[in-house]
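Each chain, letter by letter, is given below.
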Amino acid sequence: MSKYLSETTTIPQACLGCGYVMDRIGHVMGGRGPQAGDISICIKCGHIMAFTVDLKFRPLTDNEMLSIAGNPELVKIQKTRATVMLMEKLKLEKSKPPE
Ligand SMILES: [Zn+2]
């Protein structure tokens, strides 16, 4: 698998922003798995969180928010995420039977 598209399975947990339950973590910035303090983005709503030592979501600290604000990699990830969600939405609308 590409170093940009590997993933780690975790216990199911809910996004702190929207409640969407996730059980996998995709890594896009390198080959190692997620670690405490790494940033996570909800695929559903784009909420940005960090991992605890046991890979649970926690809110960002003020310093973490300041340090990632405007990060070009995160901006690129957010744009890609938004495109994927839009494509999923359009696919769902296309698959609905006409009313
Ligand atoms: Zn979310």
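Predicted model only: the values in this text are computed from it and were never measured. (Residues numbered from 1 in each chain as written. Predicted model: local features only at pLDDT ≥ 70, side-chain atom pairs only at ≥ 80, totals over all residues.)

Q: For this particular structure, what's the right way to read the environment of Thr80?
A: The residue Thr80 is located in helix α2 (residues 72-95) in this model. Its 12 C-beta neighbours within 10 Å are what place Thr80 among the exposed residues. Once the C-alpha coordinates of Thr80 and Ile41 are considered, the two residues, 39 residues apart in sequence, prove to be 12 Å apart. (Helix = DSSP H or I, 4+ residues; strand = E, 2+ residues; numbered from the N terminus. Buried ≥ 20, exposed ≤ 12 C-beta atoms within 10 Å, placed from the backbone.)

Q: In this structure, what is going on with the pairing of strand β1 (residues 6-14)? I would like to understand it.
A: Successive side chains on a regular strand alternate, one facing one side of the sheet and the next facing the other. Strand direction decides the pairing type here: β1 and strand β2 (residues 21-27), joined by six bridges, are antiparallel. If you follow Glu7 over to β2, its bridge partner there is Gly26. Connecting the antiparallel pair β1 and β2 is a turn made up of six residues, with Gly19 showing a positive phi of about 85°. (Pairing = 2+ DSSP bridges.)

Q: Can you walk me through unusual backbone geometry in this structure?
A: A positive phi angle, near 60°, is found at Leu55, a position not held by glycine. Mapped onto the elements, Leu55 comes out in the loop between β4 (48-51) and β5 (57-58).

The values are spatial; any link to function lies outside them.
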